[in-house]
Amino acid sequence: MMTTFGLDEPAAMLDMAASCVGRPDWRQFAVREADRIIAVASVYLNGDRAGMFGAATLPEGRRRGAQSALLTARARAAREAGCRWLVVETDAEGPGDHNSSLHNMLRAGFERLYERVSWVWHAGATPAP
């Protein structure tokens, strides 16, 4: 996932994403094409709530329904775990912009509630160790 976002350096970013795998209440999903993973996504199950966390598709795998399938799989896992609320976030669309993630979420039945600043990327910034 981090490589798809261009965040394969520093290694701490990869470690952060990988640290959720196998932990209680976290579920990871992948879409494969032959023997290669082309899309990934996670969900965190927290009582009656679930947070959809991180999703990415390699450029060559886009526009073929991978993220829609991953949204469905994560929603199903949350429902099976007894969750009543699903939360997901993505970038807002500006004038003339098109955010495929937002449109996938709206098609899946999510509702836009509000906008907030969630991540601010600074060129050349290095996360603290």
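This one's a predicted model, so the numbers in the text were calculated from it and none came from an experiment.

Residues of helix H3 (residues 100-107) that are buried include every one of Leu102, Asn104 and Met105, and no others. The buried residues of H3 occupy an angular sector of 160 degrees when projected down its axis, which confines them to one face. Where H3 is buried, its residues contact helix H2 (66-80). With a side-chain oxygen positioned 2.8 Å from the backbone nitrogen of Ser101, the residue opening H3 is Asn99. Immediately downstream of H3, the backbone of Gly109 shows phi near 110 degrees, a positive value.

Another point: the pattern of salt bridges. The tally for this structure, following the rule as stated, stands at four salt bridges. Its salt-bridge partner being Glu33, residue Arg64 comes within 2.0 Å of it at the nearest N-O pair. Residue Arg64 is located in the loop between strand S3 (49-57) and H2, and its partner Glu33 is located in strand S1 (residues 26-33); the two are separated by 31 residues in the primary sequence. In this structure Glu33 comes out as partly exposed when scored by relative accessible area, which is 36%. Note that Glu89 and Arg116 form a salt bridge whose closest N and O atoms lie 2.7 Å from each other. In this pair, Glu89 is assigned in the loop between strand S4 (85-87) and H3 and Arg116 in the segment after H3, connecting sequence segments 27 residues apart.

Across the sheet, four strands lie side by side as S1-S2-S3-S4; this open sheet has mixed pairing. The open sheet has two edge strands with one neighbour each: S1 and S4. Here the average twist between neighbouring strands, direction ignored, is 25 degrees. In this structure, strand S2 (residues 36-46) lies alongside S3, joined through eight bridges in antiparallel fashion. Across the sheet, Tyr44 pairs through a bridge with Gly51, a residue of S3. Against the sheet, H2 engages S1, S2, S3 and S4, with an angle of about 30 degrees to S2.

In the contact formed by H2 and H3, the axes pass within 10 Å of each other and the chain directions differ by 45 degrees. With respect to H3, the axis of H2 lies oblique. Between H2 and H3 lies a crossing of right-handed hand. Across from Gln67, Ser68 and Leu71 in H2, the residues of H3 making contact are Asn104, Met105 and Arg107. For the contact of H2 with H3, the class distribution of residues is two nonpolar, three polar and one charged.

With that settled, consider the side chain of Asn104. With respect to the element layout, Asn104 can be found in helix H3. Within the structure, the side chain of Asn104 is placed 2.3 Å from the side chain of Arg107, a separation counted as a polar contact.

The rules we used
Residues numbered from 1 in each chain as written. Predicted model: local features only at pLDDT ≥ 70, side-chain atom pairs only at ≥ 80, totals over all residues. Heavy atoms only, no water. Buried < 20%, exposed > 50% of the residue type's maximum accessible area, 1.4 Å probe, protein only. Helix = DSSP H or I, 4+ residues; strand = E, 2+ residues; numbered from the N terminus. Arc of directions from axis to C-beta. Contact = heavy atoms within 4.5 Å. Polar contact = N/O pair within 3.5 Å; in protein donor to acceptor, adjacent residues only side chain to side chain. Salt bridge = Lys/Arg side-chain N within 4 Å of Asp/Glu carboxyl O. Pairing = 2+ DSSP bridges. Axes fitted to C-alpha atoms, helices over the stretch in contact; angles between N-to-C directions. Parallel < 35°, antiparallel > 145°, perpendicular 65-115°, else oblique. Left-handed = near helix turned anticlockwise from the far one by under 90°. Nonpolar A, V, L, I, M, F, W, Y, C, P; charged D, E, K, R; others polar.

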